[in-house]
Amino acid sequence: MEFAEGVPCWVDAMLPDVEGGKRFYGELFGWTFDSGAGPEHGRYAQALLDGEPVAALAPKPDGRMPTTWTVYLATPDAATAAARVTAAGGQVITEPVPVGAYGTMGLVTDPEGAVFGLWQAGEHRGFGALRKPGAYCWTEVHVRDKSVVDPFYEAVFGYGGHDVVIGGEEFRTWSPEGAEAGPDTAVGGRAVMSGAVPAEMPAHFLSYFAVADCDATAAAARRLGGRVRTEPYDIPYGRVAVLVDNQGAAFGILQD
């Protein structure tokens, strides 16, 4: 599978307890896991769905780091993309570095501090399955000031923006450079956090996994020790909910 520049190509979660994460997500999404990379690659455990790679879990190297899911955006040149991030007002957290023969990875933020990854593929191309139950299907960045954030992503990745209103809230979808912007080509989006969101909530990405039954998956997350942050509700594109796993990492689910 090939991914154009700026298209989400991978997600991983940094967890205090990877084995606990395997049990939670294994039962929730039907994932199995490979034997994991060695210590030189952070003991990275790849999640598989029907034998195809769909995500990864990794132990947090530092307890002060957040327990969170990170989305990676594809780029043919991570160093050049990181330079564009800085030029557009973002920051580089981790300079792009080779990960063996797998590819080159960097971590960056947008001007409001939302963290995302850059991935320049080598042997590891990214997702082997998309948009089927248990696989990644969407990502969106939640921000305070769209007038700062929209120009950043559109400068760094050349996205075309398309504005919509969902549930009374303004939303922008992004399509890859060169594609006609709109729902049919969208690869991610931007939401504006309302005044009801606590001020201490930072700008952040929320990535979604496809499910066959949103309500049943939310109930299963509770049973497995997680919680439901946003109860299932309907949008024009399906039924969604926001869940938190048994260690505190948030993610969305979508039943189309």
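Rules of the game
Residues numbered from 1 in each chain as written. Predicted model: local features only at pLDDT ≥ 70, side-chain atom pairs only at ≥ 80, totals over all residues. Heavy atoms only, no water. Helix = DSSP H or I, 4+ residues; strand = E, 2+ residues; numbered from the N terminus. Contact = heavy atoms within 4.5 Å. Polar contact = N/O pair within 3.5 Å; in protein donor to acceptor, adjacent residues only side chain to side chain. Axes fitted to C-alpha atoms, helices over the stretch in contact; angles between N-to-C directions. Parallel < 35°, antiparallel > 145°, perpendicular 65-115°, else oblique. Left-handed = near helix turned anticlockwise from the far one by under 90°. Nonpolar A, V, L, I, M, F, W, Y, C, P; charged D, E, K, R; others polar. Pairing = 2+ DSSP bridges. Disulfide = S-S within 2.5 Å. Buried < 20%, exposed > 50% of the residue type's maximum accessible area, 1.4 Å probe, protein only. Core = buried A, V, L, I, M, F, W, Y, C linked by side-chain atoms within 4.5 Å.

A.B. asks: Break down the environment of Asp-163 for me, with residues and values.
C.D. replies: Examined against the element boundaries, Asp-163 turns out to sit in strand 10 (residues 160–166). Along the sequence, Asp-163 and Thr-173 sit ten residues apart, while their C-alpha atoms lie 6.4 Å from each other. For Asp-163, the residues in contact, after removing those within four places along its chain, are Phe-171, Arg-172 and Arg-190. Looking at Asp-163, its side chain comes within polar contact range of the side chain of Arg-172, at 2.8 Å.

A.B. asks: Tell me about the packing of helix 1 (residues 18–29) against helix 4 (residues 214–223), residues and numbers included.
C.D. replies: Between helix 1 and helix 4, whose axes approach to 10 Å, the crossing angle comes to 155°. In this view, helix 1 runs roughly antiparallel relative to helix 4, as classed from their interaxial angle. For helix 1 against helix 4, the interelement crossing comes out right-handed. Along its contact with helix 1, which presents Phe-24, Glu-27, Leu-28 and Phe-29, the element helix 4 presents Thr-217, Ala-220, Ala-221 and Arg-223. Its residues assigned to classes, the contact of helix 1 with helix 4 shows five nonpolar, one polar and two charged.

A.B. asks: So what's going on with the sheet that holds strand 6 (residues 91–99)? Which residues, and what values?
C.D. replies: Taken in spatial order, the eight strands make up an open sheet running 2-3-4-1-5-8-7-6, and their pairing is mixed. Looking along the sheet, the strands with just one partner apiece sit at the ends: strand 2 (32–33) and strand 6. Bridge count between strand 2 and strand 3 (residues 45–49): two bridges; the pairing is antiparallel. Following the sheet pairing, Thr-32 is matched in strand 3 by Leu-48. Sheet strands touched by helix 1: strand 1 (8–15), strand 2, strand 3, strand 4 (52–59) and strand 5 (68–74). Its angle to strand 4, the strand with the most contacts, is close to 150°. Each of strand 5, strand 7 (103–109) and strand 8 (115–121) touches helix 3 (residues 146–157); the most contacted strand, strand 8, lies at about 5° to it.

A.B. asks: So, the sheet that holds strand 11 (residues 169–175): which residues are in play, and what are the values?
C.D. replies: Two pairing modes exist for strands in a sheet, parallel and antiparallel, and in both the strands are linked by backbone hydrogen bonds. If you walk across this open sheet you meet the eight strands as 10-11-12-9-13-16-15-14, and the pairing is mixed. Unpaired on one side and paired on the other, strand 10 and strand 14 (227–235) mark the two borders of the sheet. For this sheet the average axis-to-axis angle between neighbouring strands, irrespective of direction, equals 25°. Relative to strand 16 (residues 250–255), strand 13 (residues 204–210) is paired through three bridges, and the arrangement is parallel. In the sheet register, Phe-209 faces strand 16, and the bridge partner there is Ile-253. On the sheet, helix 3 packs against strand 9 (136–143), strand 10, strand 11, strand 12 (188–192) and strand 13 and is oriented at approximately 10° with respect to strand 11.

A.B. asks: Could you give me a rundown of the state of the cysteines, with the residues and numbers involved?
C.D. replies: Counting across every chain of the model gives zero disulfides. With no disulfide of its own, Cys-9 lies 16 Å from the sulfur of Cys-137, the closest cysteine sulfur. Just so you know, Cys-137 is unpaired, no disulfide at all, and the nearest cysteine sulfur is the one on Cys-214, 10 Å from it. We classify Cys-137 as buried; its relative accessible area is 13%.

A.B. asks: Residue-level account of the side chain of Thr-67, with values.
C.D. replies: One can find Thr-67 in the loop between strand 4 and strand 5. The exposure class of Thr-67 is buried, given its relative accessible area of 18%.

A.B. asks: Report on unusual backbone geometry, specifying residues and quantitative values.
C.D. replies: Positive phi, close to 55°, is recorded for Asp-50, a residue that is not glycine. Inspection of the secondary structure puts Asp-50 in the loop between strand 3 and strand 4. What makes Asp-50 exposed here is its relative accessible area of 66%.

A.B. asks: Give me the lowdown on the nonpolar core, citing residues and values where you can.
C.D. replies: Judged by nonpolar contacts, the single largest core of 62 residues is most densely connected at Tyr-25, Phe-29, Trp-31, Trp-69, Phe-116, Tyr-153 and Phe-251. For Trp-69, the residues in contact, after removing those within four places along its chain, are Val-11, Asp-12, Ala-13, Tyr-25, Trp-31, Ala-55, Ala-56, Leu-57, Phe-209, Ala-249, Ala-250 and Phe-251. Phe-171, Val-240, Val-242 and Leu-254 belong to the second-largest nonpolar core, a separate cluster that totals twelve residues.

A.B. asks: Which residues make up the environment of Met-14, and what values do they have?
C.D. replies: Inspection of the secondary structure assignment puts Met-14 in strand 1. Met-14 sits 235 residues away from Ala-249 along the chain, and the two C-alpha atoms are 8.3 Å apart. Sequence-distant contacts of Met-14, that is, excluding residues within four places in its chain, are made with Ala-58, Pro-59, Lys-60, Pro-61, Met-65, Pro-66, Thr-67 and Thr-68.

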